[in-house]
Amino acid sequence: MGNKAVVELINVKKQIGKSTIIDDISLKVFQGEVFGFLGPNGAGKTTTIRMMVGLIGITEGEVLINGISIKKNYEKAISNVGGIIENPEMYKFLSGYDNLVHYARMVPKKITKDRINKVVHLVGLEKSINNKVGRYSLGMRQRLGLAQALLHSPSLLILDEPTNGLDPAGIREIRTYIRKVAHEENMAVFVSSHLLSEMQLMCDRIGIIQNGKLVRVETIGDIIDISKEATIRFHVDPLDKALHFLQSFYEKTDMEIVDDYIKISLKQEQIPQCNKGLVENDIRVYGITSTQATLEEKFLEITEEK
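On a predicted model such as this, the values are computed, not experimentally measured, just so you know.

Peer 1: Summarise the sheet that holds strand E14 (residues 284–291); cite the residues concerned and give the values.
Peer 2: The strand order across the open sheet formed by 4 strands is E12-E13-E11-E14, and the pairing between neighbours is antiparallel. The strands lining the two open edges of the sheet, one partner per strand, are strand E12 (255–258) and E14. Averaged over all pairs of adjacent strands, the angle between strand axes in this sheet comes to 25°, irrespective of strand direction. Where E12 and strand E13 (residues 261–266) come together, 4 bridges link them in antiparallel fashion. Across the sheet, Val-258 pairs through a bridge with Tyr-261, a residue of E13. On the sheet, helix H9 (residues 239–249) packs against strand E11 (230–237), E12 and E13 and is oriented at approximately 170° with respect to E12. Set on the sheet, helix H10 (residues 271–280) makes contact with E11, E13 and E14; between it and E14 the angle comes to about 160°.

Peer 1: Give me the environment of Ile-68: which residues, what numbers.
Peer 2: Within the secondary structure, Ile-68 is located in strand E5 (residues 68–69). Separated by 226 residues in sequence, Ile-68 and Thr-294 place their C-alpha atoms 37 Å apart. Once you skip the residues sitting within four places of it in the chain, Ile-68 turns out to touch Val-63, Asn-73, Lys-76, Ala-77 and Asn-80.

Peer 1: Account for the pairing of strand E2 (residues 19–30), naming residues and giving values.
Peer 2: Summarising the sheet, strand E1 (residues 5–16) and E2 pair through 8 bridges and their orientation is antiparallel. Across the sheet, residue Glu-8 finds its bridge partner in E2, namely Lys-28.

Peer 1: Outline the packing of aromatic side chains, listing residues and values.
Peer 2: Scanning all chains against the criterion turns up 3 aromatic pairs. Here Phe-35 and Phe-190 contribute two aromatic rings whose centre-to-centre distance is 5.7 Å and whose plane-to-plane angle is 15°, an arrangement assigned as stacked. Placement of Phe-35 in strand E3 (residues 34–38) and of Phe-190 in strand E8 (residues 188–192) is noted, with a sequence separation of 155 residues between them. Judged by its relative accessible area of 0%, Phe-35 falls in the buried class. In this structure Phe-190 comes out as buried when scored by relative accessible area, which is 1%.

Peer 1: If you had to explain the pairing of strand E9 (residues 205–210) to someone new, which residues and values would you point to?
Peer 2: Each regular strand displays side chains that alternate between the two surfaces of the sheet. Of all the 6 residues making up E9, 6 are buried; the element is thus mostly covered by neighbouring parts of the structure. Here E9 shows two buried faces, one formed by Arg-205, Gly-207 and Ile-209 and the other by Ile-206, Ile-208 and Gln-210. Direction of pairing for E9 relative to strand E10 (residues 213–219): antiparallel, over a ladder of 6 bridges. Residue pairing for E10: Ile-208 is matched across the bridge by Arg-216.

Peer 1: Could you give an account of the sheet that holds E1, naming the residues involved and the relevant values?
Peer 2: To summarise the sheet geometry, strands pair through backbone hydrogen bonds and adopt either a parallel or an antiparallel arrangement. Pairing is antiparallel in the open sheet, where 4 strands are placed in the order E2-E1-E4-E5. With partners counted over all chains shown, the strands left at the sheet margins are E2 and E5, one partner each. Inspection of the sheet shows strand E4 (residues 60–65) paired to E5 by 2 bridges, in the antiparallel sense. Following the sheet pairing, Leu-64 is matched in E5 by Ser-69. Sitting on the sheet, helix H1 (residues 45–52) touches E1, E2 and E4, and the angle it makes with E1 is about 115°.

The rules behind each value
- Residues numbered from 1 in each chain as written.
- Predicted model: local features only at pLDDT ≥ 70, side-chain atom pairs only at ≥ 80, totals over all residues.
- Heavy atoms only, no water.
- Pairing = 2+ DSSP bridges.
- Helix = DSSP H or I, 4+ residues; strand = E, 2+ residues; numbered from the N terminus.
- Axes fitted to C-alpha atoms, helices over the stretch in contact; angles between N-to-C directions.
- Contact = heavy atoms within 4.5 Å.
- Phe/Tyr/Trp six-rings, centres within 6.5 Å; stacked < 30°, edge-to-face > 60°.
- Buried < 20%, exposed > 50% of the residue type's maximum accessible area, 1.4 Å probe, protein only.

So this is what it looks like as structure tokens:
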């Protein structure tokens, strides 16, 4: 992740009548990072994205793209942006390649054949790029839309529900290409989605919005907080002897026998020491599994707290 802020929201507000839809949001998205934007339905995600690309006005505050104001110099600022809003629309009677050529003609910046070929390779469409789009699967159309959004080498890529309607294999493909684009093109990617398990795998940082307010911005590691205690399962034999040892070793820690394992809350760094103690006490250890908090659990915890 680079140090340069590609997009910056500064005290952004949106009011409609007497209602405040977006309330004083400030955040930055940097080069080479995938930034996830999360929130319950009606929290203000789409309104924020629309303000970022100039589709609706900003009541107060400022949106800067590469330091250029979206309010004061819209055309120059938006020239640095590519995006997909849900399912991209293409000419189905044209091939994927002809769709990209047609779009390239609309862009003031000259787009070479080499650039078209590069983005086709980047999104993995080399084998099907000359087929008509009408024959494409939804996942292939999403990848073609991603290629289209990347043609003019934007600094910022905005994706609203990019995996909407895809099967698990298609979701994994899009996730892989989004991370690849961010790192290989050194691009800032701003992505909104309801698939929290995918966001956990895809994003470097997460921003959570609720009732128009930005309530938290953290890295994935910090928001899940891997340093905190996790639920550990020790598959051991004999169970009673192992439980007695663990109770003497961790007197103030809750633990219990569940089915054929012992369930205990430990910090990650305590696991090797615990395993060593079990083995030294002639207890057979068949397996150790750790269940860490997920982004979905933390998201629900944060939004319910607020």
